[in-house]
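For reference, the chains in residue letters:
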Amino acid sequence: MIPIDDETLNQYIDGELDQTKLKNIKEHLINSEIDRKRLEYLQKVHGDLGQLKIYQTSTNFTSFVMSKLEKKFKASKKDKIFILSISSVFMIFCLAIAGYLLFNIISDPSSTGLIVEKTDSYISILMQFTESAKGIFTPQNISIFGSIISFGFLAVAYFMYEEHKFSKRKIEQ
Amino acid sequence: MKNISDLEIIESVKKGNRADYSILVDRYKNKAFSLIVRMVKNQMDAEEVLQDCFVKAYNSLESFKQQAKFSTWFYRIVYNTALTRLSTKKRKVENDMSSIDELYFLESNYNPETTEQKDSSQFMQSMIEKLPPSYSAVINMFYLDNMSCEEISEIMQTSVSNVKVMLHRSRNLLRDILIKNNYAEEIL
């Protein structure tokens, strides 16, 4: 008599066997005491597993999670305000420059009707600046500038990281 | 409160009633906690992981597609966060389809003479705690949460047959340990 494999016994417990196979297994179990015992042991395990213990969280768990979420919500609101204020300052600064240029063009009576000329002069100033910048950004100087900018970025990143750590610690408290 | 469905609560939270999220926390905390305890094998760590899970779930509520069940979606977060915790703690996270020999270390580790005699179900509880994380996760979800193998496979992002293999291996192993320690006599 060929013993039933463990896989089939597990399928028997889970009710996954088709009618024909189920009938064969049942007949086999009547005649094989060893397999019957193997099945009984497996059913015992199955039964015991059905009574698994449910672990309980600490009593104030829900309120703790909710207060953590509340703090996080407040922190993200603060972040939004910070980003908004920075971008507002930047926008105001840009608008002020644009307004100043516009004011200069309009308020100068000699320039009335000569806006195109004025624009050309600003472009030529910009071109002059670019030309002089070319002199500054020589291959030798560019590495120095690169280093300074990289250092600046690193410093900014460090302070941002510290700030992030601080706010995270504050939230976790 | 108990009659409100998960989806209704989520809708309410999305509308700005943040306090309603506490209903979901209360609803899932103990079962999810049991799953994490069985995976990370430490109640203190498990509570920390569970807090992270609820915060993550809250932050991702917008991405939750309502075609799926919230429990499946949330349990996926729980399972993955627990695995991440295990890997950051440099504990061994076994391959889901690892050799069966790896499972049998339990059998060789167990010494009935040094262990206090308990009844078979207590003994079973203590042995489940010692199973590798994904095996105990399968056992926990199948028996405690009454999930189908399909749901478990969705949570663990593996195939249904893999889940069944893990379930059957765990049962067989526990049965063999039970027999070796004469607990089987209780049923005869």
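**Quick notes on the overall build of chain A**
Piece 1. Check the secondary structure of chain A and you find six helices and zero strands.
Piece 2. Listed by position from the N terminus, the elements making up chain A come as α-α-α-α-α-α.
Piece 3. In chain A, which comprises 173 residues, the proportion classed as buried is 8%.
Piece 4. Sequence-distant contacts in chain A: of pairs separated by 6 or more residues, those separated by 24 or more amount to 56%.

**Considering the overall build of chain B**
Piece 1. In terms of helices and strands, chain B carries 10 helices and zero strands.
Piece 2. Along its sequence from the N terminus, chain B presents helices and strands in the succession α-α-α-α-α-α-α-α-α-α.
Piece 3. Expressed as a percentage of the 188 residues in chain B, the buried residues total 36%.
Piece 4. Partitioning the contacts of chain B with sequence separation of at least 6, the portion at a separation of at least 24 is 65%.

**Focus on the nonpolar core**
All names here are of chain B.
Piece 1. If you look at the biggest cluster of nonpolar residues, it comprises 55 residues, and the most contacted ones within it are Ile36, Val78, Val138 and Ile152.
Piece 2. In terms of residues, this core owes the most to one element, helix α2 (residues 21–40), which gives 11 residues.
Piece 3. Leave out the neighbours within four places in its chain, and Val138 touches Ile152, Val163, Met166, Leu167 and Ser170.

**What to know about the packing of α2 of chain B against helix α3 (residues 43–59) of chain B**
Residues and elements named next belong to chain B.
Piece 1. Between α2 and α3, the least distance of the axes is 9 Å, while the angle of their chain directions is 135°. Classified by the interaxial angle, the pair formed by α2 and α3 is oblique. α2 and α3 meet at a crossing whose hand is right-handed. Along the contact surface, α2 presents Tyr21, Val25, Lys29, Ala32, Phe33, Ile36, Val37 and Val40, while α3 presents Gln43, Asp45, Ala46, Val49, Leu50, Cys53, Phe54 and Tyr58.
Piece 2. Looking at the contact of α2 with α3, its residues break down into 13 nonpolar, one polar and two charged.

**Here we look at helix α2 (residues 19–31) of chain A**
Counting along an α-helix, one turn takes 3.6 residues, and residues three or four places apart therefore face a common direction.
Piece 1. Spanning 13 residues, α2 of chain A covers 19 Å between terminal C-alpha atoms, matching the ideal 18 Å at 1.5 Å per step.
Piece 2. Burial analysis of α2 of chain A places just zero of its 13 residues in the buried class, a small minority of the element.

**Here's the deal with the interface of chain B and chain A**
Piece 1. Contacts between chain B and chain A engage 35 residues on the former and 27 residues on the latter.
Piece 2. Secondary-structure elements contributing two or more residues to the side of chain B that touches chain A are α2, α3, α7 (120–128), α8 (133–144) and α10 (160–180) of chain B.
Piece 3. With 10 residues, α2 of chain B is the largest single contributor of residues to the side of chain B that touches chain A.
Piece 4. Its residues assigned to classes, the side of chain B that touches chain A shows 17 nonpolar, 11 polar and seven charged.

**Section: the confidence of the model for chain A**
Piece 1. With 89% of its residues at a pLDDT of 70 or more, chain A has an overall mean of 81.
Piece 2. Mean pLDDT across the elements of chain A ranges from a minimum in helix α5 (residues 115–136) of chain A, with 75, to a maximum in helix α1 (residues 6–14) of chain A, with 90.

**What to know about the confidence of the model for chain B**
As a note on interpretation, predicted positions should not be read in detail where pLDDT is low.
All names here are of chain B.
Piece 1. Residues with a pLDDT of 70 or more make up 80% of chain B, whose mean pLDDT is 83.
Piece 2. The spread of mean pLDDT over the elements of chain B runs between helix α5 (residues 100–103), the lowest at 55, and helix α9 (residues 149–156), the highest at 95.
Piece 3. Both scores are given for the predicted complex: the pTM is 0.69, the ipTM 0.80.

**Topic: unusual backbone geometry**
Note: most peptide bonds trans; most residues except glycine with negative phi.
Residue and element names in this part refer to chain B.
Piece 1. At Asn146, a residue that is not glycine, the phi angle is positive and equals roughly 50°.
Piece 2. With respect to the element layout, Asn146 can be found in the loop between α8 and α9.
Piece 3. You can call Asn146 exposed: it has 9 C-beta atoms within 10 Å.
Piece 4. In this structure, Gln157 is a non-glycine residue whose phi angle is positive, near 50°.
Piece 5. Checked against the element boundaries, Gln157 lands in the loop between α9 and α10.
Piece 6. Look at Gln157 and you get exposed, because 10 C-beta atoms sit within 10 Å.

**Regarding the packing of α3 of chain B against helix α4 (residues 70–88) of chain B**
Residues and elements named next belong to chain B.
Piece 1. Contact geometry of α3 with α4 gives a least axis separation of 9 Å together with a crossing angle of 135°. With respect to α4, the element α3 is oriented oblique. Remark: the crossing between α3 and α4 carries right-handed chirality. On the side of α3, the interface is formed by Asp45, Val49, Asp52, Cys53, Lys56 and Ala57, while α4 contributes Phe74, Ile77, Val78, Thr81, Ala82 and Arg85.
Piece 2. The residue makeup of the contact of α3 with α4, split by class, is seven nonpolar, one polar and four charged.

Here is what the cut-offs are and how they apply
Residues numbered from 1 in each chain as written. Chains lettered and ligands numbered in written order. Predicted model: local features only at pLDDT ≥ 70, side-chain atom pairs only at ≥ 80, totals over all residues. Helix = DSSP H or I, 4+ residues; strand = E, 2+ residues; numbered from the N terminus. Buried ≥ 20, exposed ≤ 12 C-beta atoms within 10 Å, placed from the backbone. Contact = placed C-beta atoms within 7 Å. Core = buried A, V, L, I, M, F, W, Y, C linked by C-beta atoms within 7 Å. Axes fitted to C-alpha atoms, helices over the stretch in contact; angles between N-to-C directions. Parallel < 35°, antiparallel > 145°, perpendicular 65-115°, else oblique. Left-handed = near helix turned anticlockwise from the far one by under 90°. Nonpolar A, V, L, I, M, F, W, Y, C, P; charged D, E, K, R; others polar. Expected span 1.5 Å × (residues − 1). pLDDT = per-residue confidence, 0-100.

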